[in-house]
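Structural description and commentary
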Amino acid sequence: MIQLNSDEIVVFEIRKHWFYIFWRALALLIVTAIIAGGVYLAVYFSSRYFQLNIGGSYEIIFALGFLAVLLIAWMSFFAFWTKYYLDYWVVTNERIVDVDLMGFFHQETAVVRLDQIQDVTIRVNGFFQNIFGFGTIQIQTAGESREFIMPNITNPEGVKETIFRLQNEAMEKPKKVEIAV
Amino acid sequence: MPRINWNLTVTVTPLLLWLVFGTICVIYAVMSWIMVYHWDTFGYNVKHKLRVKLIYFVVSVIMLSAMALLIWLYGATLK
């Protein structure tokens, strides 16, 4: 969790659109079905050419194999979900914090101050992004890393508006100047 | 055309199945530990974490129990 400054407040947190995880879940489901169906069909058709005697019930062995594949798919789904859940952006009244889980045991955090933002670009590209209303936000900054990218964000237009509003408020707010005496 | 017909005998013993099951359980335990570590260390919403853990472990335990039951059933049908 990020450390907030004394008068800093979290305005909102944002994640990638649910479509990101749905797409991976669907792909996983299809792969699981293909593996299970493929093995079943392979056993069914190969039985025409050779007889396999395993000593017990084929149905039980097949059900066991299916359950094993299902368990692996279940774990894989939660591995995807972990990546989805731990990749997020926190927008405060002072800055935007990008918390990114690059892989297991590898988390990176990048910060851009609102007064460093020079331009915000939205890219909504393709059928699904237009239908479900998500897209990529590119933030050009005056800082060291010139570009700050938020891919597959829900409601990018609304996020952009809020960022601009917060930036204006941050610019108008009088800055504290500490003078050493 | 001569029809190919092979007779293959591969004996699948309950012990072999228990060994495979044990390997799956070890992989499951390691993967679960890694994921729970990440949820607990980097996640911040306690309600989310509890709900996800509940769904993940309940469904996994059901699947693992079903597998154990099937292996036991397989052993029982051999006798």
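First, a word on scope: everything that follows refers to the structure included in this document. Since this is a predicted model, take the numbers as computed values, not measurements.

Next up on the list: the nonpolar core. Leu64(A), Leu71(A), Phe78(A), Trp81(A), Trp39(B), Tyr56(B) and Met67(B) are the most contacted members of the largest nonpolar core, which has 34 residues in total. Among the elements of the structure, helix 1 (18-46) and helix 2 (58-85) of chain A together with helix 1 (14-42) and helix 2 (46-78) of chain B are those that each provide at least two residues to this core. Residues in contact with Phe78(A), not counting those within four places in the same chain, are Met35(B), Trp39(B), Val52(B), Ile55(B) and Tyr56(B). Counting 17 residues, the second largest nonpolar core, distinct from the first, contains Leu114(A), Val120(A), Ile137(A) and Val159(A).

Residue and element names in this part refer to chain A. Two strands pair when backbone bridges link them, and strand 3 (residues 88-92) and strand 4 (residues 95-103) are joined in this way by four bridges, in the antiparallel orientation. Residue Trp89 lies in a different strand from strand 4, and its bridge partner there is Asp98. Counted along the chain from strand 3 to the antiparallel partner strand 4, the turn is two residues long. A loop of two residues connects strand 4 with strand 5 (residues 106-113), the two strands running antiparallel in sequence, and Phe105 in this loop sits at a positive phi of about 65°.

In this section: helix 4 (residues 156-172) of chain A. Here helix 4 of chain A is 17 residues long and its end C-alpha atoms lie 24 Å apart, about the 24 Å a rise of 1.5 Å per residue gives. Elements in contact with the buried residues of helix 4 of chain A: strand 1 (10-15), strand 3, strand 4, strand 6 (117-123), strand 7 (134-141) and strand 8 (147-154) of chain A.

Contacts between the two partners involve 34 residues from chain A and, on the opposite side, 42 residues from chain B. A buried area of about 3500 Å², summed over both sides, lies between chain A and chain B, and 74% of it is on carbon and sulfur atoms. Considering only the surface of chain A that becomes buried against chain B, Leu71(A), Met75(A) and Phe105(A) emerge as the three largest contributors, covering 17% of it. Between chain A and chain B we count four residue pairs in polar contact (both at pLDDT 80 or more) in total. Secondary structure elements with two or more residues in the side of chain A that touches chain B: strand 1, strand 2 (50-53) and helix 2 of chain A. Each residue belonging to the side of chain A that touches chain B can be placed in one class, and the counts come to 24 nonpolar, seven polar and three charged.

Turning next to the pattern of salt bridges. The full count for this structure, using the stated rule, is seven salt bridges over all chains. One salt-bridge network, in which partners are shared between bridges, spans Lys16(A), Lys83(A), Asp87(A) and Asp100(A).

Before going further, it helps to examine the sheet that holds strand 1 of chain A. Residue and element names in this part refer to chain A. Pairing is antiparallel across the open sheet formed by four strands, whose spatial order is 1-3-4-5. Each having just a single partner strand, strand 1 and strand 5 make up the two edges of the open sheet. Ignoring strand direction, the axes of neighbouring strands in this sheet form an average angle of 15°. The sheet contact formed by strand 1 and strand 3 spans five bridges and is antiparallel. When the sheet's bridge partners are listed, Ile14 is paired in strand 3 with Trp89.

All names here are of chain A. On the surface, a cluster of nonpolar side chains totalling about 1200 Å² of accessible area is made up of Trp18, Phe22, Trp23, Leu26, Leu29, Ile30, Ile34, Phe127, Phe128, Ile131 and Phe132. Within the residue set of the nonpolar patch, elements represented by two or more residues are helix 1 and helix 3 (127-132). With respect to the element layout, Ile30 can be found in helix 1. Judged by relative accessible area, Ile30 falls into the partly exposed class, the value being 45%.

Moving on, we come to the packing of helix 2 of chain A against helix 1 of chain B. At a minimum axis separation of 10 Å, helix 2 of chain A and helix 1 of chain B run at an interaxial angle of 15°. Comparing their axes, helix 1 of chain B and helix 2 of chain A come out roughly parallel. The chirality of how helix 2 of chain A crosses helix 1 of chain B is left-handed. Residues Ile61(A), Leu64(A), Ala68(A), Leu71(A), Met75(A), Phe78(A), Ala79(A), Trp81(A) and Thr82(A) of helix 2 of chain A pack against Leu17(B), Ile24(B), Ile27(B), Tyr28(B), Met31(B), Met35(B), His38(B) and Trp39(B) of helix 1 of chain B. Residue composition of the contact of helix 2 of chain A with helix 1 of chain B, by class: 15 nonpolar, two polar and no charged.

Rules of the game
Residues numbered from 1 in each chain as written. Chains lettered and ligands numbered in written order. Predicted model: local features only at pLDDT ≥ 70, side-chain atom pairs only at ≥ 80, totals over all residues. Heavy atoms only, no water. Core = buried A, V, L, I, M, F, W, Y, C linked by side-chain atoms within 4.5 Å. Buried < 20%, exposed > 50% of the residue type's maximum accessible area, 1.4 Å probe, protein only. Helix = DSSP H or I, 4+ residues; strand = E, 2+ residues; numbered from the N terminus. Contact = heavy atoms within 4.5 Å. Pairing = 2+ DSSP bridges. Expected span 1.5 Å × (residues − 1). Buried area = accessible area lost by both parts, 1.4 Å probe. Polar contact = N/O pair within 3.5 Å; in protein donor to acceptor, adjacent residues only side chain to side chain. Nonpolar A, V, L, I, M, F, W, Y, C, P; charged D, E, K, R; others polar. Salt bridge = Lys/Arg side-chain N within 4 Å of Asp/Glu carboxyl O. Axes fitted to C-alpha atoms, helices over the stretch in contact; angles between N-to-C directions. Patch = residues over 30% accessible without salt bridge, like charges linked within 9 Å, V, L, I, M, F, W, Y side chains within 5 Å. Areas by Shrake-Rupley, 256 points an atom, 1.4 Å probe, with all protein chains shown as cover. Parallel < 35°, antiparallel > 145°, perpendicular 65-115°, else oblique. Left-handed = near helix turned anticlockwise from the far one by under 90°.

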